[in-house]
Amino acid sequence: MSKADNMLAILWLLKTNKRMTAKQLAEALEMHIRTVYRYIDALCASGVPVVADAGHNGGYSLLEHFKESPLFFDPGEQKALVQAALFAEEAGYPYTDVLKRAITKLKRYTNEEQRSELDRHLAGFEVMNAAAHTSIGIEHLLQQLEQAVASCTTQLIAYQKGFGLDVEQRRINPYGLIHWKGKWYMIAFCHLREDIRSFRVDRIQTITGSEDRYERPAGFSARDYLRQNMKPWLTSDEPQVRVVIKGHPRALEALTEHWLFNDSLIERTSDEAHFMMDEKSLLTYIPHHLLGYGMRIQVLEPAFLREHLIELTTKLLAYYQDPTNFDK
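Residues numbered from 1 in each chain as written. Predicted model: local features only at pLDDT ≥ 70, side-chain atom pairs only at ≥ 80, totals over all residues. Heavy atoms only, no water.

Novice: So what exactly am I meant to see when it comes to the overall build of the protein here?
Specialist: Helices and strands together make up the secondary structure of the protein, namely 13 helices and 11 strands. Across the 328 residues that make up the protein, the buried fraction comes to 38%. When contacts within the protein are restricted to residue pairs at least 6 apart in sequence, long-range pairs at least 24 apart make up 59% of them. Summed over all atoms, the accessible surface of the protein reaches about 20000 Å², with 53% contributed by carbon and sulfur. (Helix = DSSP H or I, 4+ residues; strand = E, 2+ residues; numbered from the N terminus. Buried < 20%, exposed > 50% of the residue type's maximum accessible area, 1.4 Å probe, protein only. Contact = heavy atoms within 4.5 Å. Areas by Shrake-Rupley, 256 points an atom, 1.4 Å probe, with all protein chains shown as cover.)

Structure representation (structure tokens):
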């Protein structure tokens, strides 16, 4: 076993026994007594309160408050940690190797009955992320960005805004990493735009650290920023328009669960959904999303949204009727 494993084994023995001598520890772990002394010194240096009592009934022990600390996990906690690790790995967690080592140690120091119980719970528990492939190959970027957020150090990135677009050099102050809908995003202050922006990590070509430090805004939440950024009407000063959509129950269920619509829903019946949205949204990206539902839904209100959908479908029809349009 490694040094860390042996030190953990000594902790286990001292936690489960009131007091043990160096000889007893050496015999239990099948190691030289001098090795035990070295590990005890290492534990003390790391802050573990090991008490050494001399004399006939002497030996090593732990302070009572440390023995009562949750150093080990009960079966329910073990199950939760191991299953949560599956979610983290599938999401592209940047420290997967470290996480696997931690889970391996957790399993190693459980008894046979606990291991069997864990295996039974894991046998029918799986996680699949449809977009997991997007995280492949970006582990080093996620690790560096996570470290940058923790240390508040400015980073220089080469960033591709979208497919086929040129790569731009950006100087950013990373504020937070967030995993959303199968992709990782970095929320950061962009020196070029002089404002907070979101960056898809899989579009970062290169990243270079610097020694420049910044102050992260107190209470900043990457989750809140991304939520508001993706739904601009939540903080919009523009007048809100009532949108009424009729459709098949399953289609409406999918529509109301989508992030574009779920926070705007104000009323729902079996075949209708009512939303409040700003006019700008209804004339830009909302119609394009509604077209994907085809004839399973129908916009009843407002009239200008219906007219915009007709205009879009008419343009699509004309586009596909002329096969040469793609080459123009």
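Novice: Could you clarify how one ought to interpret unusual backbone geometry in this entry?
Specialist: Both trends apply: most residues other than glycine have a negative phi, and most peptide bonds are in trans. Geometrically, the link from Glu 301 to Pro 302 is a cis peptide bond, its omega value of -5° lying close to zero. You can see Pro 302 is positioned in the loop between strand E11 (297-301) and helix H13 (303-321). Even without a glycine there, the phi angle at Glu 30 is positive, about 55°. Along the chain, Glu 30 turns up in the loop between helix H2 (22-29) and helix H3 (33-45). Classification of Glu 30 by relative accessible area gives exposed; the value is 74%. For Cys 152, which is not glycine, the phi torsion reads 55° and is therefore positive. Position of Cys 152 among the secondary structure elements: in the loop between helix H8 (139-151) and strand E3 (153-160).

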